[in-house]
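The primary structure of each chain is shown beneath.
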Amino acid sequence: MSSSSSTPRVLIVGAGPTGLTMASELVRHGVAVRIVERNAGPSIHSKALVVQPRTLEVFHAMGIADEATSAAQTVFRMRANLDGKEVPWIQFVDVDGPWSRPIMLRQSRSEAILAGLLARQGVTIEWGKPLARFVDESEGVVAYFEDGETARFDYIVGCDGAHSLVRKQLGLAFEGTTYENDFLQVDCKVRWDHPYDAGQGFFTDEGALVCLPLGGESFRFILIRRERPADAPDEPALSEFQAALDALLPGQAELHSPEWLIRFRLHERLAAHYRVGRALLAGDAAHIHTPAGGQGMNTGIQDAYNLAWKLALVLHGHAGEPLLDSYEAERRPIAADVLRFTDLAFRTGLGANYLVRKLRPLIMPLVFGSRWASSKATRVVAQLEVNVRRSPIVEDHRLFPSGPHAGDRAPDAGFLLDEGAASPREVRVFDYLRGTKHVVFAHCAHTHQLAHLRRELPAGLVELVIADEGDELEERYHLGDGPALWVMRPDGYLGYRQSSDDPAPLLAWLRGVLA
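What counts and what doesn't
Residues numbered from 1 in each chain as written. Predicted model: local features only at pLDDT ≥ 70, side-chain atom pairs only at ≥ 80, totals over all residues. Heavy atoms only, no water. Pairing = 2+ DSSP bridges. Helix = DSSP H or I, 4+ residues; strand = E, 2+ residues; numbered from the N terminus. Axes fitted to C-alpha atoms, helices over the stretch in contact; angles between N-to-C directions. Buried < 20%, exposed > 50% of the residue type's maximum accessible area, 1.4 Å probe, protein only. Contact = heavy atoms within 4.5 Å. Polar contact = N/O pair within 3.5 Å; in protein donor to acceptor, adjacent residues only side chain to side chain. Core = buried A, V, L, I, M, F, W, Y, C linked by side-chain atoms within 4.5 Å. Disulfide = S-S within 2.5 Å. Parallel < 35°, antiparallel > 145°, perpendicular 65-115°, else oblique. Left-handed = near helix turned anticlockwise from the far one by under 90°. Nonpolar A, V, L, I, M, F, W, Y, C, P; charged D, E, K, R; others polar. Right-handed = clockwise from strand over helix to strand, strands pointing away. Salt bridge = Lys/Arg side-chain N within 4 Å of Asp/Glu carboxyl O.

Undergrad: Which residues make up the sheet that holds strand β5 (residues 77-82), and what are the values?
TA: Pairing is mixed in the open sheet, where seven strands are placed in the order β6-β5-β15-β16-β17-β14-β18. Edge strands, defined here as strands with exactly one partner in the open sheet, are β6 (85-87) and β18 (253-264). Ignoring strand direction, the axes of neighbouring strands in this sheet form an average angle of 25 degrees. Across nine bridges, strand β14 (residues 182-192) lies against β18 in antiparallel orientation.

Undergrad: Please set out helix α2 (residues 53-62) residue by residue, giving values where relevant.
TA: Taking burial as the measure, the 10 residues of α2 include 10 buried ones, the bulk of the element. By the burial criterion, the buried members of α2 are Pro53, Arg54, Thr55, Leu56, Glu57, Val58, Phe59, His60, Ala61 and Met62. Looking at the buried side of α2, the elements it contacts are α1 (17-28), β3 (50-51), α3 (65-70), β7 (103-104), α4 (107-120) and α7 (296-315). Positive backbone phi, approximately 90 degrees, marks Gly63, located one or two places after α2.

Undergrad: I'd like a description of the side chain of Glu126, backed by residues and values.
TA: Looking at the secondary structure, you find Glu126 in strand β8 (residues 126-127). At 2.5 Å, the side chain of Glu126 and the side chain of Arg34 are in polar contact.

Undergrad: Please give an account of the nonpolar core that cites residues and values.
TA: Of all hydrophobic cores here, the largest spans 114 residues; its most connected members are Val10, Phe59, Phe415 and Phe441. Per-element tally for this core: the top contributor is α7, with 12 residues. Ignoring anything within four residues of it in the chain, the contact list for Phe59 reads Val51, Ile64, Ala65, Ala68, Leu114 and Ile301. Residues Val186, Cys211, Ala253 and Leu255 belong to the second largest nonpolar core, which totals 18 residues.

Undergrad: Account for the state of the cysteines, with residues named and values stated.
TA: Evaluated as defined, the whole model comprises zero disulfides. You can see Cys188 has no disulfide; the closest cysteine sulfur is in Cys211, sitting 9.4 Å from it. Residue Cys188 is classed as buried on the basis of its relative accessible area, which comes to 0%.

Undergrad: Mind laying out the packing of α2 against α7, listing which residues take part and the relevant values?
TA: Running from N to C, α2 and α7 cross one another at 40 degrees; their axes reach a closest spacing of 10 Å. Between α2 and α7, the angle is such that the two are oblique. Relative to α7, α2 is oriented so that their crossing is left-handed. Residue-level contacts link Arg54, Thr55, Val58, Phe59 and Ala61 of α2 to Asn298, Ile301, Gln302 and Tyr305 of α7. Residues of the contact of α2 with α7, tallied by class, amount to five nonpolar, three polar and one charged.

Undergrad: Quick one: what's the story with the pairing of strand β2 (residues 33-37), residue by residue and with numbers?
TA: For β2, a buried count of five out of five residues is recorded, marking the element as mostly surrounded by other parts of the structure. By the bridge criterion, four bridges tie strand β1 (residues 10-13) to β2 in an arrangement that is parallel. Looking across to β2, one finds that Leu11 is bridged to Arg34. In this fold, the crossover linking β1 to β2 by way of α1 has right-handed handedness. Sheet analysis places β2 next to β8, joined by two bridges and oriented parallel. Looking at β8, one finds that Glu37 is bridged to Trp127.

Undergrad: Go over the pattern of salt bridges, please, and point to the residues and values.
TA: Within the structure shown, the criterion is met by 31 salt bridges. Arg379 is paired through a salt bridge with Glu385; the nearest N and O atoms lie 2.7 Å apart. Overall, Arg379 belongs to the buried group, its relative accessible area being 16%.

Undergrad: So what's going on with the sheet that holds strand β4 (residues 73-74)? Which residues, and what values?
TA: The strands making up a sheet are joined through hydrogen bonds of the backbone, oriented either antiparallel or parallel. If you trace the three strands from one edge of the open sheet to the other, you get β3-β7-β4, paired in antiparallel fashion. The open sheet is flanked by β3 and β4, the only strands paired with a single partner. Sheet topology note: the β3/β7 ladder contains two bridges and is antiparallel. Bridge assignment links Val50 to a residue of β7, and that residue is Met104.

Undergrad: Would you mind going over the packing of α1 against α7 in detail, with residue names and values included?
TA: Two elements in contact, α1 and α7, have axes separated by 8 Å at closest approach and are oriented at 25 degrees. What the angle tells us is that α1 and α7 run roughly parallel. Classified by chirality, the crossing of α7 by α1 is right-handed. Side by side, α1 and α7 meet where Pro17, Thr18, Thr21, Met22, Glu25, Leu26 and Arg28 of the first sit next to Met297, Gly300, Ile301, Ala304, Tyr305, Leu307, Ala308, Leu311 and Ala312 of the second. Of the residues that constitute the contact of α1 with α7, the class distribution is 11 nonpolar, three polar and two charged.

Undergrad: Lay out the environment of Asp303 with the relevant residues and their values.
TA: Structurally, Asp303 can be placed in helix α7. The spatial distance from the C-alpha of Asp303 to the C-alpha of Asp502 is 33 Å, given a sequence separation of 199 residues. For Asp303, the residues in contact, after removing those within four places along its chain, are Ala282, Gly283, His287, Tyr327 and Arg331.

As structure tokens, then:
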């Protein structure tokens, strides 16, 4: 139920990582919500595993980054073995920000952390509460539940997974590909001489075995074969994984104590739209991916992080429909890019194409052998390269832009904040992610221009920060000696940049966003 006595304005369908993030972020932005889940209780299985650095930045804004990292296994390196020879792979180098490496956090634990945050916010997840259907009545949504209850909301957000009822009722196409490979997975313990904090990938012409650390002696082993046997049972045996390891590392590894075994097929699909009227989609309801690169769950969490502040501003009467339309305009192209990346990574590493298999010994060292290429690949996987430069609500007014563009993730950096006290206080850009406002940063702006800006900024919606001093800030944002203004949105992306202190263009942009 809602966090307050006010009537819930948004119905969130699905209590996985995306739905839980959506609910928590809406509450943080002052919107009463209701979150329902068809299943009777939380899943005990780990499912998705990788939490990327960009998602850890989101968790920082939500106040749960420390809890997540303390419960996880940090991956310090990834090793690759191609046809018996070790080749360069992802090294996690040159990643800026407080979190430079992904963590391995079982989805069941991620969900527990998010659910705990939601409980502290006063929201109760309604387990075993299936939605039957809903009706968009143009001025609101009427939800009909399987237990006979009927309730009205302003909006409904479908975070209900790959088989989303919300998406199906909207009649949206969910086109994509089904891979014919055989996928087997086990979470278990292993005895071997290899590092317990490193991932391993073994690639052969027959398929691959990927090993991901879960903490202690526990690993996730994903066995991928070219074809699925016709008589393959739904649940594989631990002996299948042991046989694969024995072929790769004879006598060097012993698997035991399995927690979860599963055989499955992989799909990649993308919804035709993310919004129809008062219904929106996020997470697996909008896009599903292969596990390559650990992108799927992270993309869903960031969908929710993008949508929540926009929906809140609209519901509070501070913005109109164009802001809500920007959700699909920003996030759907990102999902399409992720689908292309994961498909390319999968087909390069495991595809059946003869030419690709023969070129892999050249491709992998070329991509990951150079520091520049490895750094670029790492940033892509970490989702720090994700941007919304193509967004209709992003503007960059610099004549010769350098450094982070409007639409890029705002990099963290330290600077001195002068609040009129005896001495300036050291702060960081990411300190402001904990708030819910747009943040205008002013660098070397003239006093009269700052006074004008303060008078005209929308009260309660925008915070002004004077950032005149800070070598790290100047380096990260490519600031010179002249004045500059830029805006960090509530989701940590740069919405606007200019190389002057004239407040007029910035205020015009704000009026367009907060219309």
